[in-house]
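Breakdown of the fold
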Amino acid sequence: MSNLDHGKFTRVTTLFHSLLGLDVFLLFFSGYAIMFNDELWWLLALMGGADGVSAVHRVTGVGLIALIVFWVVLQVISPTGRSNFGEILPGKADIDAFIQDIQFMLGRADERHPNARQFGGYKADEVPLLSYIGKGVIFIFSAELTLLAVSGLLIWSKTGVAAFFQTKAAAAAFVTFHGLLGVIMLMGIMFHIFEHGFHPAFYPIETKAYIPRKLVPEYHSDGEPETTGIERLSLSPSWGWASTVFGAMTIIGIVSVLVGSILDEGYPVPRELAIGGGPSSLLMTIGINIGILVLGVGLVLSMYGNVLRIRWERQLEEEGDVGGGGGEAAMDDD
């Protein structure tokens with residue numbers, strides 16, 4: 001480990017991240033098995049056919065709502081939650097960081113703003129809990145998950161949709177909104193997998209999302225270092241080809257799912273609004289399956305991150321150093 005691996009989140013947050021990731025992956029697998037039942041026939045069969053995949057989608061939808069409610073309640077009743085919530089709210093410094101980043105890219109600023117720092121070249125206490133980009137990702141994902149949950153509940157209750165929108169056309173438009181919102185969120189999830197799984201400093205997994213800060217020392221040497229220790233890292237031999245291949249798969253998957261959702265008839269686009277219709281071309285089918293493969297890699301990486309956490313906890317127990325070893329924890333976990 002280097003100081004780049006210093007955790008920033010509590011045990012509850014890391015476990016919540018893992019459970020939310022598992023739930024969202026299952027929602028995507030089941031949702032796209034319904035949406036692209038021609039292209040993903042094997043996934044539909046694997047999940048028990050039409051009845052099975054619908055049951056999985058509804059159960060994981062209820063799970064998503066339960067996780068959202070749990071997290072909101074936790075942020076309200078927990079001192080750590082209230083403190084962290086204040087830190088993720090955007091402020092003037094984040095706006096300044098965005099403006100300075102533009103200036104930096106244009107060569108009109110010598111360095112990035114402190115609120116834009118993420119890891120490279122800085123000590124743990126010099127990096128904010130979340131950069132302005134991280135805050136934006138959280139708010140976008142939160143809004144998308146909330147809208148997906150609410151729209152999914154209304155679609156599940158067909159009478160609720162009819163009562164809310166009064167007309168069949170409006171209800172169909174609402175179903176379309178739910179499906180296309182899922183497509184938009186899928187694009188963000190794919191980029192999220194690529195960013196945090198194939199960053200050269202963390203490849204193949206960013207452990208700070210899985211190992212709580214209480215179990216990771218502030219630093220790993222005698223005396224506090226001047227930097228994060230990034231200069232001590234060596235690039236994995238497989239990173240070059242792996243990141244190139246997976247990056248290409250991510251782009252192909254995103255484009256294929258986006259185009260397929262517009263051209264294919266049925267769900268999420270009603271037949272009357274579809275540009276194309278019926279089964280997609282062979283290339284489109286391959287592209288959509290590549291997109292599902294990217295999600296599968298994300299699920300495997302999430303499981304791998306939890307395996308690393310378990311192994312790290314056992315190693316600390318064997319060393320009699322459960323508290324974190326070479327440094328003091330930033331704050332006790334909830």
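Residues numbered from 1 in each chain as written. Predicted model: local features only at pLDDT ≥ 70, side-chain atom pairs only at ≥ 80, totals over all residues. Heavy atoms only, no water.

1. Thoughts on a nonpolar patch on the surface
- A cluster of nonpolar residues, I95, F98, I99, I102, F104, M105 and L106, forms a patch on the protein surface that exposes about 710 Å² of accessible area.
- Mapped onto the elements, L106 comes out in the loop between α5 (92-105) and α6 (132-156). (Patch = residues over 30% accessible without salt bridge, like charges linked within 9 Å, V, L, I, M, F, W, Y side chains within 5 Å. Areas by Shrake-Rupley, 256 points an atom, 1.4 Å probe, with all protein chains shown as cover. Salt bridge = Lys/Arg side-chain N within 4 Å of Asp/Glu carboxyl O. Helix = DSSP H or I, 4+ residues; strand = E, 2+ residues; numbered from the N terminus.)

2. Concerning unusual backbone geometry
- Following Y203, the chain continues into P204 via a peptide bond in cis, with omega recorded as 10 degrees.
- Among the secondary structure elements, P204 is positioned in the loop between α8 (168-197) and α9 (239-263).

3. Overview of the pattern of salt bridges
- If you walk through the whole model with that rule in mind, you get four salt bridges.
- Between R309 and E313 there is a salt bridge, with the nearest N and O atoms lying 3.6 Å from each other. Taken together, the residues span about one helical turn, with R309 and E313 both in helix α10 (residues 282-318) at a distance of four residues. Each member of the pair, R309 together with E313, is buried.
- One salt-bridge network, held together by shared partners, links R11, R309 and E313. (Buried < 20%, exposed > 50% of the residue type's maximum accessible area, 1.4 Å probe, protein only.)

4. Focus: the packing of helix α3 (residues 49-77) against α6
- Two numbers describe how α3 lies on α6: the axes approach to 10 Å, and their chain directions differ by 135 degrees. Relative to α6, the element α3 lies oblique. When the axes of α3 and α6 are compared, the crossing they make is left-handed. Mapping the contact onto sequence places R58, V62, L64, I65 and I68 in α3 and L145, T146, A149, L153 and W156 in α6.
- Class assignment for the residues of the contact of α3 with α6 results in eight nonpolar, one polar and one charged. (Axes fitted to C-alpha atoms, helices over the stretch in contact; angles between N-to-C directions. Parallel < 35°, antiparallel > 145°, perpendicular 65-115°, else oblique. Left-handed = near helix turned anticlockwise from the far one by under 90°. Contact = heavy atoms within 4.5 Å. Nonpolar A, V, L, I, M, F, W, Y, C, P; charged D, E, K, R; others polar.)

5. Observations concerning the packing of α9 against α10
- Packing of α9 against α10 brings their axes to within 7 Å, and their N-to-C directions diverge by 125 degrees. Viewed along their axes, α9 and α10 adopt a mutual orientation that is oblique. Here α9 and α10 pass one another in a crossing that is left-handed. In contact with F246, M249, T250, I252, G253, S256, V257, V259, G260 and L263 of α9, α10 contributes M284, G287, I288, I290, G291, L293, V294 and V297.
- Residues of the contact of α9 with α10, tallied by class, amount to twelve nonpolar, six polar and no charged.

6. A short note on the packing of aromatic side chains
- For the structure shown, the criterion picks out nine aromatic pairs.
- Ring geometry for F28 against Y32: centres 5.8 Å apart, planes inclined by 25 degrees, an arrangement best described as stacked. Of the two residues, F28 and Y32 are both situated in helix α1 (residues 11-35); the distance of four residues between them amounts to about one turn of the helix. Note on accessibility: F28 and Y32 belong to one class, buried.
- When the centroid spacing of 6.1 Å and the interplanar angle of 80 degrees are considered together, the rings of F98 and Y132 count as edge-to-face. Taken together, the positions of F98 in helix α5 and Y132 in helix α6 put the pair 34 residues apart, joining distant regions of the chain. (Phe/Tyr/Trp six-rings, centres within 6.5 Å; stacked < 30°, edge-to-face > 60°.)

7. A short note on the nonpolar core
- By size, the foremost hydrophobic cluster in this structure holds 47 residues, and its most contacted members are F28, F29, Y32, I189 and L295.
- Considering every element that reaches this core, the biggest residue donor is α1, with ten residues.
- In this structure, L295 is in contact with F25, F28, F29, L186, I189 and I193, ignoring residues within four places of it in sequence.
- The next biggest cluster of nonpolar side chains, apart from the first, holds five residues, and it includes L215, V216, W312 and L316. (Core = buried A, V, L, I, M, F, W, Y, C linked by side-chain atoms within 4.5 Å.)

8. Points about helix α4 (residues 79-88)
- Buried within α4 are the following residues: T80, G81, N84 and I88. Seen end-on, α4 carries its buried residues on one side only, within an arc spanning 95 degrees. (Arc of directions from axis to C-beta.)

9. What to know about α6
- With 25 residues, α6 should reach 36 Å at 1.5 Å per residue; the first-to-last C-alpha distance of 36 Å fits that figure.
- Restricting attention to buried positions, one finds in α6 the residues Y132, G134, K135, F141, E144, L145, L148, A149 and S151. (Expected span 1.5 Å × (residues − 1).)

10. Section: the side chain of N289
- Following the sequence through the fold, N289 ends up in helix α10.
- In this view, N289 contacts E39, L40 and W42; residues no more than four positions away in its chain are not counted.

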